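Given next are the chains, with one letter for each unit.
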Amino acid sequence: ILIPTLDELTLRTLAAQLSQYEVDQPAVQFLGLSVWDNFANLASEPPLQGSWYIAPQDSGWRQYASRYRQNFDRLPPSIAALSYEAMALTILLAGKDGDTEYSEDVLTNRKGYQGVRGIFRLMEDGRVERGLAIKQITRKGISINTPATS
């Protein structure tokens, strides 16, 4: 079951209600959104243990979020990370000597670019491909079920 909630209280309430009606894991797999990565102590919610969700693998995101919090006294919204990555890519492609190269071939480099939320690739058809991990909620916390692609 996909639980597409963006709010922690709603997630905890839905999980408890599903459990009350005996919609339990592992018989039914709960799937979530990357915003679940921002919620505290999901492991303390027994009905959510075993749930999977996609999210960045933490390395760059944790550092970025820490710097953002120091400056703005709160966690960054997702749009802030996207803006940061867009500016970093612009600066990277501008080059040291001002030899700007924004051709389609350069922008759609198959190797992609490392952003604060992991690797991303700009595709020829206009889509963005992101390397995200599949995380699992366990009794002990959050674990990486499947690492992000590179």
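Residues numbered from 1 in each chain as written. Predicted model: local features only at pLDDT ≥ 70, side-chain atom pairs only at ≥ 80, totals over all residues. Heavy atoms only, no water.

Asker: What should I look at first to understand helix H2 (residues 59-72) in this one?
Answerer: Along an α-helix, residues three or four apart share an orientation, since each turn contains 3.6 residues. With 14 residues, H2 extends 20 Å between its outermost C-alpha atoms, agreeing within 8% with the 20 Å of an ideal straight helix rising 1.5 Å per residue. Within the span of H2, buried status applies to Trp61, Tyr64, Ala65 and Tyr68. Along H2, the residues classed as buried sweep out an arc of 100° about the axis, all on the same side. Facing away from the buried surface of H2 by more than 90 degrees, the exposed residues are Ser59, Gln63 and Gln70. (Helix = DSSP H or I, 4+ residues; strand = E, 2+ residues; numbered from the N terminus. Expected span 1.5 Å × (residues − 1). Buried < 20%, exposed > 50% of the residue type's maximum accessible area, 1.4 Å probe, protein only. Arc of directions from axis to C-beta.)

Asker: Is there a simple way to explain the packing of aromatic side chains in this structure?
Answerer: Two aromatic rings are characterised by how far apart their centres lie and by the angle between their planes. This model, assessed by the stated rule, comprises five aromatic pairs. Relative to Tyr53, the ring of Trp36 lies with its centre 5.9 Å away and its plane at 50°, an arrangement referred to as tilted. With Trp36 in the loop between strand S1 (31-32) and strand S2 (52-55) and Tyr53 in strand S2, this residue pair connects regions lying 17 residues apart in the sequence. We classify Tyr53 as buried; its relative accessible area is 2%. When the centroid spacing of 6.1 Å and the interplanar angle of 45° are considered together, the rings of Tyr64 and Tyr68 count as tilted. (Phe/Tyr/Trp six-rings, centres within 6.5 Å; stacked < 30°, edge-to-face > 60°.)

Asker: Before we go on, may I ask you to explain the sheet that holds S2 in this structure?
Answerer: Strand pairs in the sheet, formed through backbone hydrogen bonds, run parallel or antiparallel to each other. Ordered by their spatial adjacency, four strands build an open sheet running S1-S2-S6-S7, and the pairing between neighbours is mixed. The open sheet is flanked by S1 and strand S7 (141-146), the only strands paired with a single partner. Taken together, the five bridges between strand S6 (residues 133-138) and S7 define a ladder with antiparallel strand orientation. Its bridge partner lying in S7, Thr138 is registered against Gly141. (Pairing = 2+ DSSP bridges.)

Asker: When you look at the environment of Met123 in this model, what are you seeing that I'm missing?
Answerer: Position of Met123 relative to the elements: it lies in the loop between strand S4 (118-122) and strand S5 (128-130). For Met123, a relative accessible area of 17% translates into the label buried. Residues Met123 and Asn109 lie 14 residues apart in sequence; the distance between their C-alpha atoms is 8.4 Å. Apart from residues no more than four positions distant in its own chain, Met123 is found in contact with Thr108, Arg110 and Glu129. (Contact = heavy atoms within 4.5 Å.)

Asker: Could you clarify how one ought to interpret the layout of surface pockets in this entry?
Answerer: If a probe the size of a water molecule is rolled over the atoms, the empty space left behind becomes visible. One number sums up the size of the largest pocket: a volume of about 150 Å³. Contributing to the lining of the largest pocket are 14 residues, with Asp37, Phe39, Tyr53, Arg62 and Ile142 lying nearest its centre. Its residues placed into classes, the lining of the largest pocket shows seven nonpolar, three polar and four charged. (1 Å grid on protein atoms, 1.4 Å probe; cavity = no way out; pocket = protein on both sides within 12 Å on 5 of 7 lines; lining within 4 Å. Points joined across faces, edges and corners; volume = space filled by probe spheres on them. Nonpolar A, V, L, I, M, F, W, Y, C, P; charged D, E, K, R; others polar.)

Asker: Honestly, the sheet that holds S4 in this entry has me stumped. Any pointers?
Answerer: If you walk across this open sheet you meet the three strands as S3-S4-S5, and the pairing is antiparallel. Looking at strand neighbours, the two that pair on one side only are strand S3 (113-115) and S5, the edges of this open sheet. Ignoring strand direction, the axes of neighbouring strands in this sheet form an average angle of 35°. Two elements, S3 and S4, share three bridges in a ladder whose sense is antiparallel. Its bridge partner lying in S4, Gln114 is registered against Ile119. (Axes fitted to C-alpha atoms, helices over the stretch in contact; angles between N-to-C directions.)

Asker: Looking at this model, I keep getting lost on the packing of H2 against helix H3 (residues 78-94). Mind explaining?
Answerer: Describing two packed helices takes the angle between their axes plus the distance from one axis to the other. One can describe the packing of H2 onto H3 by two numbers: an axis separation of 12 Å at closest approach and a directional angle of 105°. On the basis of the axis angle, H2 is roughly perpendicular to H3. Facing H2, whose interface residues are Trp61, Tyr64, Arg67 and Tyr68, H3 presents Ala80, Ala81 and Tyr84. Residue composition of the contact of H2 with H3, grouped by class: six nonpolar, no polar and one charged. (Parallel < 35°, antiparallel > 145°, perpendicular 65-115°, else oblique.)

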